[in-house]
Amino acid sequence: MSFSSFAEFVAMGNHGLYVWSAYGIGLAVLVINVAGPLLARRRYLREEARRLRREESK
């Protein structure tokens, strides 16, 4: 594939909206799949630390 300008590359032969939205949705899914477990792990560790502090203070 060769495009004569960057604007043609972005337009992708009038399929640009579909192509770029597919890339965007795919990227969003990947980010969610990476960030979700990281945030869940952080939340779990914070809750466990809080639970241990409560048990030690009894």
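Residues numbered from 1 in each chain as written. Predicted model: local features only at pLDDT ≥ 70, side-chain atom pairs only at ≥ 80, totals over all residues. Heavy atoms only, no water.

A. Expanded view of a nonpolar patch on the surface. A contiguous nonpolar surface patch, about 600 Å² in accessible area, is contributed by Phe3, Phe6, Phe9, Val10, Trp20 and Tyr23. Secondary structure elements with two or more residues in the nonpolar patch: helix H1 (6-11) and helix H2 (16-57). The element that contributes the greatest number of residues to the nonpolar patch is H1, accounting for three residues. Residue valine 10 is classed as partly exposed on the basis of its relative accessible area, which comes to 36%. (Patch = residues over 30% accessible without salt bridge, like charges linked within 9 Å, V, L, I, M, F, W, Y side chains within 5 Å. Areas by Shrake-Rupley, 256 points an atom, 1.4 Å probe, with all protein chains shown as cover. Salt bridge = Lys/Arg side-chain N within 4 Å of Asp/Glu carboxyl O. Helix = DSSP H or I, 4+ residues; strand = E, 2+ residues; numbered from the N terminus. Buried < 20%, exposed > 50% of the residue type's maximum accessible area, 1.4 Å probe, protein only.)

B. The environment of leucine 39, seen in detail. Note that leucine 39 resides in helix H2. With a relative accessible area of 46%, leucine 39 lands in the partly exposed category.

C. Inspection of the UniProt feature "transmembrane region" (unreviewed entry) in the protein at higher detail. Here, the residues flagged by UniProt with the feature "transmembrane region" (unreviewed entry) are residues 20-40. When the span residues 20-40 is considered, its composition is 100% helix and 0% strand, and the gap between its end C-alpha atoms is 30 Å. (UniProt positions renumbered as here; feature names shortened; annotations may be inferred.)

D. Region of interest: the packing of aromatic side chains. Counted under the stated rule, the structure contains four aromatic pairs. Measuring from ring centre to ring centre gives 5.6 Å for phenylalanine 3 and phenylalanine 9, while their planes differ by 70°; the resulting arrangement is edge-to-face. You can call phenylalanine 3 partly exposed: its relative accessible area is 30%. The exposure class of phenylalanine 9 is partly exposed, given its relative accessible area of 30%. With a centroid separation of 5.6 Å and an interplanar angle of 70°, the aromatic rings of phenylalanine 9 and tryptophan 20 are classed as edge-to-face. Placement of the pair is phenylalanine 9 in helix H1 and tryptophan 20 in helix H2, with a sequence separation of eleven residues. An aromatic cluster is present here, built from Phe3, Phe6, Phe9, Trp20 and Tyr23 joined pairwise through their rings. (Phe/Tyr/Trp six-rings, centres within 6.5 Å; stacked < 30°, edge-to-face > 60°.)

E. Highlighting the pattern of salt bridges. On inspection of all chains with the given rule, the structure shows two salt bridges. The partner of arginine 51 in a salt bridge is glutamate 48, with the nearest N and O atoms 2.7 Å apart. One end of the pair is arginine 51 and the other is glutamate 48, both in helix H2 and three residues apart, which spans about a single turn. Note that arginine 51 is salt-bridged to glutamate 55, the shortest N-O span being 2.6 Å. Here the residue arginine 51 and the residue glutamate 55 both occupy positions in helix H2, the gap between them amounting to four residues, near one helical turn. Looking at arginine 51, the relative accessible area reads 30%, which means it is partly exposed. Each of Glu48, Arg51 and Glu55 takes part in one network of salt bridges that share partners.

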